[in-house]
Amino acid sequence: MNKIIKIALSVAVLSSLSFCDDQFSMSDKDRAMYAEMLDNNPADMTVASGEELLSYMGGPAGLAKYLGVSEEKLPEYIAGFPRYIKKFDMVVGLDQVLQAMMHDGGHKPLELKSGNMFEMLTYVKSLANDVPINIDVNANQQMKDAYALGEKTFNTKRGGRGLSCLSCHSPDVIGSVLRTQPLPDLGVNNSGGTWPAYRMTKSSVSTLQKRFQGCMKNALLAVIPLGSKEMVGLEVFVTDKAKGKPIAIPGLKR
Amino acid sequence: MVKNLSVSLLLGCSLFAADYSSIIEHPDASEIIKKDLLAPAKVYTMPAGCITTDAAAIARGDYIFHNLNGEKAKADAPAGLSKKNSNGSTKQFGNCVACHNIEGAKGAGNIGPDLHGYKQNFIDSGARTTQFVYQKIADARIDNPDTHMTINLTTKLFNEREICDIASYIVSPK
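Bear in mind that the values here come from a model prediction, so they are computed numbers and not experimental data.

### Considering the overall build of chain B
In terms of regular secondary structure, chain B is built from six helices and zero strands. Helices (α) and strands (β) of chain B occur, in sequence order from the N terminus, as α-α-α-α-α-α. Here chain B holds 174 residues, and 43% of them are scored as buried. Counted over contacts in chain B with a minimum sequence separation of 6, partners at least 24 positions apart contribute 52%. Of the roughly 9300 Å² of accessible surface on chain B, 56% is carried by carbon and sulfur atoms.

### Points about the confidence of the model for chain A
Looking at chain A, pLDDT values average 89 and 89% of them are 70 or higher. Low pLDDT, under 50, characterises residues 1-24 of chain A; the predicted model gives this stretch 43 contacts beyond four residues in sequence or across chains.

### Looking at the interface of chain B and chain A
Taken residue by residue, the interface counts 45 residues in chain B and 55 residues in chain A. Applying the counting criterion to the chain B and chain A interface returns one salt bridge. The salt bridge partner of Arg 158 of chain A is Asp 36 of chain B, with a shortest N-O separation of 2.7 Å. Linking chain B with chain A are 23 residue pairs in polar contact (both at pLDDT 80 or more). At six residues, helix α1 (residues 2-12) of chain B tops the list of elements feeding residues into the side of chain B that touches chain A. A class-by-class count of the residues in the side of chain B that touches chain A yields 23 nonpolar, 16 polar and six charged.

### Some details on the side chain of Ser 191 of chain A
All names here are of chain A. Among the structural elements, Ser 191 can be located in helix α10 (residues 191-194). We classify Ser 191 as buried; its relative accessible area is 6%. With residues near it in sequence (within four places) discarded, Ser 191 still touches Leu 186, Leu 208 and Val 238.

### Digging into the packing of aromatic side chains
Ring pairs (aromatic) are described by centroid distance and by the angle formed between their planes. Within the structure shown, the criterion is met by seven aromatic pairs over all chains. Here the aromatic rings of Tyr 118 of chain B and Phe 122 of chain B are separated by 4.3 Å at their centres, their planes lie at 10°, and the arrangement is stacked. Placement of the pair is Tyr 118 of chain B and Phe 122 of chain B together in helix α4 (residues 118-124), with a separation of four residues, close to one helical turn. Given a relative accessible area of 22%, Phe 122 of chain B falls into the partly exposed group. An aromatic cluster of at least three residues, connected via ring pairs, comprises Tyr 147, Phe 154 and Phe 237 of chain A.

### As for the state of the cysteines
Enumeration over the complete set of coordinates arrives at one disulfide over all chains. Between Cys 50 of chain B and Cys 164 of chain B runs a disulfide, and the two sulfur atoms are separated by 2.1 Å. In this structure the cystine formed by Cys 50 of chain B and Cys 164 of chain B twists about its S-S bond by roughly -115°; its chirality is therefore left-handed. Taken together, the positions of Cys 50 of chain B in the loop between α2 (30-36) and α3 (55-66) and Cys 164 of chain B in helix α6 (residues 160-171) put the pair 114 residues apart, joining distant regions of the chain. Summary of cysteine pairing: Cys 165 of chain A is not part of a disulfide, and the nearest cysteine sulfur, belonging to Cys 215 of chain A, is at 7.5 Å. Judged by relative accessible area, which is 18%, Cys 165 of chain A ranks as buried. We note that Cys 168 of chain A lacks a disulfide partner, and the nearest cysteine sulfur, in Cys 99 of chain B, lies 6.5 Å from it. Judged by relative accessible area, which is 19%, Cys 168 of chain A ranks as buried.

Cut-off values and rules
- Residues numbered from 1 in each chain as written.
- Chains lettered and ligands numbered in written order.
- Predicted model: local features only at pLDDT ≥ 70, side-chain atom pairs only at ≥ 80, totals over all residues.
- Heavy atoms only, no water.
- Helix = DSSP H or I, 4+ residues; strand = E, 2+ residues; numbered from the N terminus.
- Buried < 20%, exposed > 50% of the residue type's maximum accessible area, 1.4 Å probe, protein only.
- Contact = heavy atoms within 4.5 Å.
- Areas by Shrake-Rupley, 256 points an atom, 1.4 Å probe, with all protein chains shown as cover.
- pLDDT = per-residue confidence, 0-100.
- Salt bridge = Lys/Arg side-chain N within 4 Å of Asp/Glu carboxyl O.
- Polar contact = N/O pair within 3.5 Å; in protein donor to acceptor, adjacent residues only side chain to side chain.
- Nonpolar A, V, L, I, M, F, W, Y, C, P; charged D, E, K, R; others polar.
- Phe/Tyr/Trp six-rings, centres within 6.5 Å; stacked < 30°, edge-to-face > 60°.
- Disulfide = S-S within 2.5 Å.

As structure tokens, this is what we get:
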């Protein structure tokens, strides 16, 4: 079967499935669907759209040039994000690099939360597939600061229920069950290397920062915006937990 | 090809680089977080008449324990409790069952201790007082600074009466 048709079919089947409450785990039927989708991740279409969008800026070669690395070294370089980039004087995620590149190429930068940006981010990160995450949180003071801010943001109790990320993702509760959902170990689970991912319960592609926002919303923490220092810090902190694990984009999540 | 060229040309011009802080989205989140911070741990004393055998109060406590919020709750709210706040927004409930098993729980979690037989096992045995239960639900940090439990009175998620309803439900014979 033609790949696109297969994908379209699995999306159709998926959207006809009534997933229960987000809080409930997979049924056997959902699990079978998950196995099927591992071969046909609907987010493969996202990657393809992202590839087309990046081609307007010279594709991977253009990106490598923009970042000042050889095309051959690009995957390894991508596997080290978020990074401090001197030219921007900021620790940035790949999506923010794309914004700067769009601007410098005479295009209006896409918003971080736009669907097209998610597509480009998914494609760009997939260029590093199979490369181990090599983020260096001690590379410079800026990265040290970003990591520290990420850790602090992760550990800060706030919101309507006084919870922090740590309340549910600390080593002593990992594996316990929250309303039938086992609490994942963000390092062992390779969260840093498996987002953007297709979320079956949402029937859409989400990025790591968007996933953070999901947990904030569910746990009644005020949702902080994509690209903020604190969000990038969280991404640095969480990505570092999966250091050495291979990048595998697009991920597929419950 | 032409695009590659223009990109590399621009890179060469980084001397005149724009101020990227106005190009790259990097909104400030510190104010949002500051306003959202949890107040310091607070000691609470149970108000008089807090723990009750009144069936209506226990029904409210039961409902708060087992539901996440007014939108997700399927059953009608019991007398004296509403699915909405006075301003029309969705009322949050305790979702205690996400972490605690208890009589009649559906899809209970196990992050917190199992509260089955709480009256016999914890209260009648003298292991816990009702004041302990009240404080635990109101602000669990007092006897456990590193608690993973939700904070329910210091955050103003619930008022005193609601904390009493929940505590009454937990210590009621089931």
